[in-house]
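In case you want the letters, here they are:
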Amino acid sequence: MMGRFVYFFTMLFLITGSYFVRAQQIKTFDNIPGRNPSDYYQCRVREVGSDQWHNAFVLQTKSKNPIPDEKDENGNTTVSGNGYTKQLKGWTASWIAFEFSGTSVEVEISLKSGVSIRGDNEITSAMVRPVADASVAVIRDGKAYVTINKYANINVDINGQMEDQYTGMDYTDSGGAPIHTISIFANPFYHVPDTTGSKVYTLSPGETIPADRTRWDTIYFQPGVHNIGTPFTMRSNDVFYIPGDAVVHGTIHPVDAWGINASKNVTVYGSGTLSCAEVPRDKGKKYNKAFTYQGEAWRLEGFVVADPANHTFNMNSSNPNGNPNIYENLKILGWRVNGDAINAFRNSQIRNCFFRTQDDVFYYGGNDVIIEDCVTWNDFNGAVLYVTKGAETFEESCFKNIDVIYHRAGWHYWDGGRVISFRDRNPGNVIKNVQIKNVLVEDPYPAFPPFYGYINDNGDNSPLKYENIVIESVIQKNAGVSSTKDSQHGKPRNTLLGLDESRKFSNITFKNCYYNGKWLRSFEDGDFLQTYTSNITFLVDGDASLKCSVRNGDIEASTPLSKQDSSY
């Protein structure tokens, strides 16, 4: 049975005597046939001010037992493992998705009977992140209540699992229990295809998508669990609608072609789930990537990708001058290594997404790529932003308005992490016109300081050219955590390591950046490990603290800041 649709209507009468209807609506999904609900949480949803609660089905993805790669005597992988790690073994991520418009919504979260989180069989504390996207959680009678009045993707940490302890390196070795999280995805209403249309095919669970493409241009997945294979190939103008009560197993690819032969105007949307939990990792292959190859004017919107086996959105634009690919309000809940979130390459727009991954989240290295208004989360590995080359002009690409709610790591002493990473750059490369702005690290226990860069010594004496790199308003209040291994390896620091006088980091401006209690006016303020740098500029404006206090209320706004310019 399709999940319950809940509608609220309010009649507002005007002074003139005429009236109009303002529809205040919530659409919840209370059942997914063939799918087990979360082992840990249950949720209800209601309109603020209403006495009527509606059950919301709580989904769950779990980090499985790790199976390592098999290697030959030379260390080469012969058989791929499954990509799960021992550090995250047994962890779960639960979530609900609902749709609403024109109202404020209250969500109730409670523990299931017999469940204990950090020794409590009821909820004793709850923390919402990003902090600006919903109300402060309220605890009543062992349950948590959160109010949402705008479209948002949030996590509610229960009983201090993420908020009161560091869950990265050494957590498992010291006896840390598996972490069980709950996220809320409050979506806009998504258009439901008209099933009377001659080309709308309603697909029942267990049914195969018709091979005869003349029978359909839109697949409407009915409530329940589906399997479309790895991959299912989308052709031009195909549409998949995945509602909140459908779970689709498999991967989705364009035709492997360029230019006029590429798949164009493809849409995959809805509040439901694309699950890769049954997809093998099969290292080095492409069939297991949720989305890959290239297309033009694709629109991917709303759905959750659970447990990606490989890179998730790894799709190029087949036409740099055509309509862009749109990635809107997408979610990833991932567990496996190499499960990077998105590399859009060029001519793409990524907005309002929630990406929890165990490898790099975003790649910055293409013309006309806009990345903004997103939420990120790493538990085990990966940078938030891996800068590869920038863009042809400064105006055409940007990375801005990012909330890093948790950024942790299973190992602190290598270059794979950090928030902003310029790692693995080779002499002869050109990185230019990079815009990074408004990145807020909310994590109370981040693994690292936010900045990292080094240049590979590959024997090439060509200069590595950095031109017009602006890093503005990157805010991390807390320092990277300390470890018992710091005495052996050295505590991670903000880092810019050039190679020699001809191969330097240069032409980078840090503007209104804040780290560990200081506005950065110098390398010393940021505790940078740096060598062979030139023309590195630090700027702090007089109103910088006020701007940051709006986004992160616990940073003092009253400290007067004079504009300063320190260049190296």
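Predicted model only: the values in this text are computed from it and were never measured.

Mind showing me how you'd approach the overall build of the protein here?
Summing up its helical and strand segments, the protein has two helices and 45 strands in all. Burial status across the protein gives 58% buried among its 568 residues. Nonlocal contacts in the protein, meaning residues at least 24 apart in sequence, comprise 69% of its contacts between residues at least 6 apart. Side chains of the protein give 54 positive and 63 negative charges; the mean places of these two sets differ by 1 Å.

I would appreciate a short explanation of the pattern of salt bridges in the present structure.
Where side chains of opposite charge bring their charged atoms close, a pairing between them can arise. The final tally for this structure, using the stated rule, is 26 salt bridges. Of the charged contacts in the structure, one is a salt bridge between Glu-372 and Arg-351, with a shortest N-O distance of 2.4 Å. Taken as a pair, Glu-372 in strand β32 (residues 369-378) and Arg-351 in strand β29 (residues 348-351) lie far apart in primary sequence, 21 residues in all. We classify Arg-351 as partly exposed; its relative accessible area is 22%. Where salt bridges share partners, they join Arg-46, Glu-106 and Arg-140 into one cluster.

In this structure, what is going on with the nonpolar core? I would like to understand it.
The nonpolar side chains of a soluble globular protein tend to be buried with one another. Core analysis: the largest hydrophobic core is formed by 75 residues, its most contacted members being Phe-240, Phe-313 and Phe-362. Per-element tally for this core: the top contributor is strand β36 (residues 430-441), with five residues. Setting aside residues no more than four positions away along its own chain, Phe-362 makes contact with Ile-342, Ile-350, Phe-355, Ile-371, Cys-374, Thr-376, Val-384, Leu-385, Tyr-386 and Phe-399. One finds Ile-26, Ile-96, Val-128 and Ile-184 within the second-largest nonpolar core, a separate group that totals 31 residues.

Quick question: what am I supposed to make of the sheet that holds strand β39 (residues 494-497) here?
Pairing between the strands of a sheet comes from backbone hydrogen bonds, and it takes one of two forms, parallel or antiparallel. In space, the six strands of this open sheet follow the order β31-β33-β35-β37-β39-β43, with parallel pairing throughout. Of all the strands in the sheet, just β31 (362-364) and β43 (528-531) have a single pairing partner and so form its edges. Direction aside, neighbouring strands of the sheet carry axes that sit 20° apart on average. With four bridges connecting them, strand β35 (residues 420-425) and strand β37 (residues 451-455) associate as parallel partners. Counterpart to Ile-420 in the pairing with β37 is Phe-451.

Just to check I follow, could you spell out unusual backbone geometry for this structure?
For residues that are not glycine, phi is negative in most cases, and the peptide bond is trans in most cases. For the peptide bond that leads from Arg-129 to Pro-130, omega is 0°, which places it in the cis range. Within the element layout of this structure, Pro-130 appears in the loop between β10 (126-129) and β11 (138-140). Of the consecutive residues Thr-230 and Pro-231, the connecting peptide bond is found in the cis state with omega at -5°. Summarising the element assignment, Pro-231 is placed in strand β17 (residues 224-234).

Please explain the environment of Leu-539 as it appears in this structure.
For Leu-539, the position within the fold is in strand β44 (residues 533-540). The exposure class assigned to Leu-539 is buried, which follows from its relative accessible area of 17%. Considered as a pair, Leu-539 and Lys-511 are 28 residues apart in the sequence and their alpha carbons are 4.6 Å apart.

Help me understand the sheet that holds strand β9 (residues 105-111), please; the structure alone is not making it clear to me.
With antiparallel pairing, five strands are arranged side by side in an open sheet as β4-β3-β9-β12-β11. The open sheet has two edge strands with one neighbour each: β4 (54-56) and β11. When the angles between neighbouring strand axes are averaged without regard to direction, this sheet yields 30°. Pairing of strand β3 (residues 41-47) with β4 involves three bridges; the strand directions are antiparallel. The partner of Arg-44 across the bridge, within β4, is Asn-55.

Sorry if this is basic, but what is going on with the state of the cysteines here?
Two cysteines form a disulfide when their sulfur atoms are joined by a covalent bond. Summed over the entire model, instances satisfying the criterion amount to zero disulfides. Free of any disulfide, Cys-276 has its nearest neighbouring cysteine sulfur in Cys-353, separated by 16 Å. With no disulfide partner, Cys-353 has as its closest neighbouring cysteine sulfur the one in Cys-374, 4.5 Å distant.

Just checking my understanding: could you explain the pairing of β32 for this structure?
On a regular strand, one side chain projects to one face of the sheet and the next to the other, so that they alternate. Of all 10 residues in β32, eight are buried; the element is thus mostly enclosed. The pairing of β29 with β32 spans four bridges and is parallel. When the bridges of β32 are listed, Gln-349 appears paired with Ile-370. Pairing of β32 with strand β34 (residues 398-407), which is carried by eight bridges, proceeds in the parallel orientation. The partner of Thr-376 across the bridge, within β34, is Val-404.

Help me out: how do you make sense of the pairing of β36 in this one?
In terms of residue burial, β36 counts as a mostly covered element, since nine of its 12 residues are buried. Here β34 pairs with β36 via five bridges, running parallel. The residue of β36 that forms the bridge with Asp-403 is Leu-440.

What is the right way to read the confidence of the model for the protein from this model?
Detailed reading of the predicted coordinates is not advisable wherever pLDDT falls low. Per-residue confidence for the protein gives a mean pLDDT of 91, with 91% of residues at or over 70. Confidence drops under pLDDT 50 across residues 545-553; counting only partners more than four residues distant or on other chains, this segment forms 17 contacts. Segment residues 556-564 is flagged for pLDDT under 50; beyond a separation of four residues in sequence, or across chains, it makes 20 contacts in the model.

Explanation requested: the packing of aromatic side chains in the structure shown.
Two descriptors summarise a pair of aromatic rings, namely the distance from one centre to the other and the angle between the planes of the rings. Tallied over the full model, the rule gives 34 aromatic pairs. Here the aromatic rings of Phe-221 and Phe-240 are separated by 5.1 Å at their centres, their planes lie at 90°, and the arrangement is edge-to-face. With Phe-221 in strand β16 (residues 218-221) and Phe-240 in strand β18 (residues 239-241), the pair connects residues that are 19 residues apart, well separated along the chain. The buried category is assigned to Phe-240, whose relative accessible area is 0%. Geometry around Trp-377 places Arg-356 over its ring, the cationic atom sitting 3.8 Å from the centre. The ring of Tyr-386 has Arg-423 sitting right over it, with the charged end atom 4.0 Å from the ring centre.

Please explain the environment of Phe-345 as it appears in this structure.
As for its position among the elements, Phe-345 is in the loop between β28 (331-333) and β29. Distance from Phe-345 to Asn-367, taken between C-alpha atoms, is 7.6 Å for residues 22 residues apart in sequence. Not counting chain neighbours up to four residues away, the residues in contact with Phe-345 comprise Asn-314, Met-315, Asn-316, Gly-365, Gly-366, Asn-367 and Val-369.

Rules of the game
- Residues numbered from 1 in each chain as written.
- Predicted model: local features only at pLDDT ≥ 70, side-chain atom pairs only at ≥ 80, totals over all residues.
- Heavy atoms only, no water.
- Helix = DSSP H or I, 4+ residues; strand = E, 2+ residues; numbered from the N terminus.
- Buried < 20%, exposed > 50% of the residue type's maximum accessible area, 1.4 Å probe, protein only.
- Contact = heavy atoms within 4.5 Å.
- Lys, Arg positive; Asp, Glu negative; His and termini not counted.
- Charge placed at Lys NZ, Arg CZ, Asp CG, Glu CD.
- Salt bridge = Lys/Arg side-chain N within 4 Å of Asp/Glu carboxyl O.
- Core = buried A, V, L, I, M, F, W, Y, C linked by side-chain atoms within 4.5 Å.
- Pairing = 2+ DSSP bridges.
- Axes fitted to C-alpha atoms, helices over the stretch in contact; angles between N-to-C directions.
- Disulfide = S-S within 2.5 Å.
- pLDDT = per-residue confidence, 0-100.
- Phe/Tyr/Trp six-rings, centres within 6.5 Å; stacked < 30°, edge-to-face > 60°.
- Lys NZ or Arg CZ within 6 Å of the ring centre and 35° of its normal.

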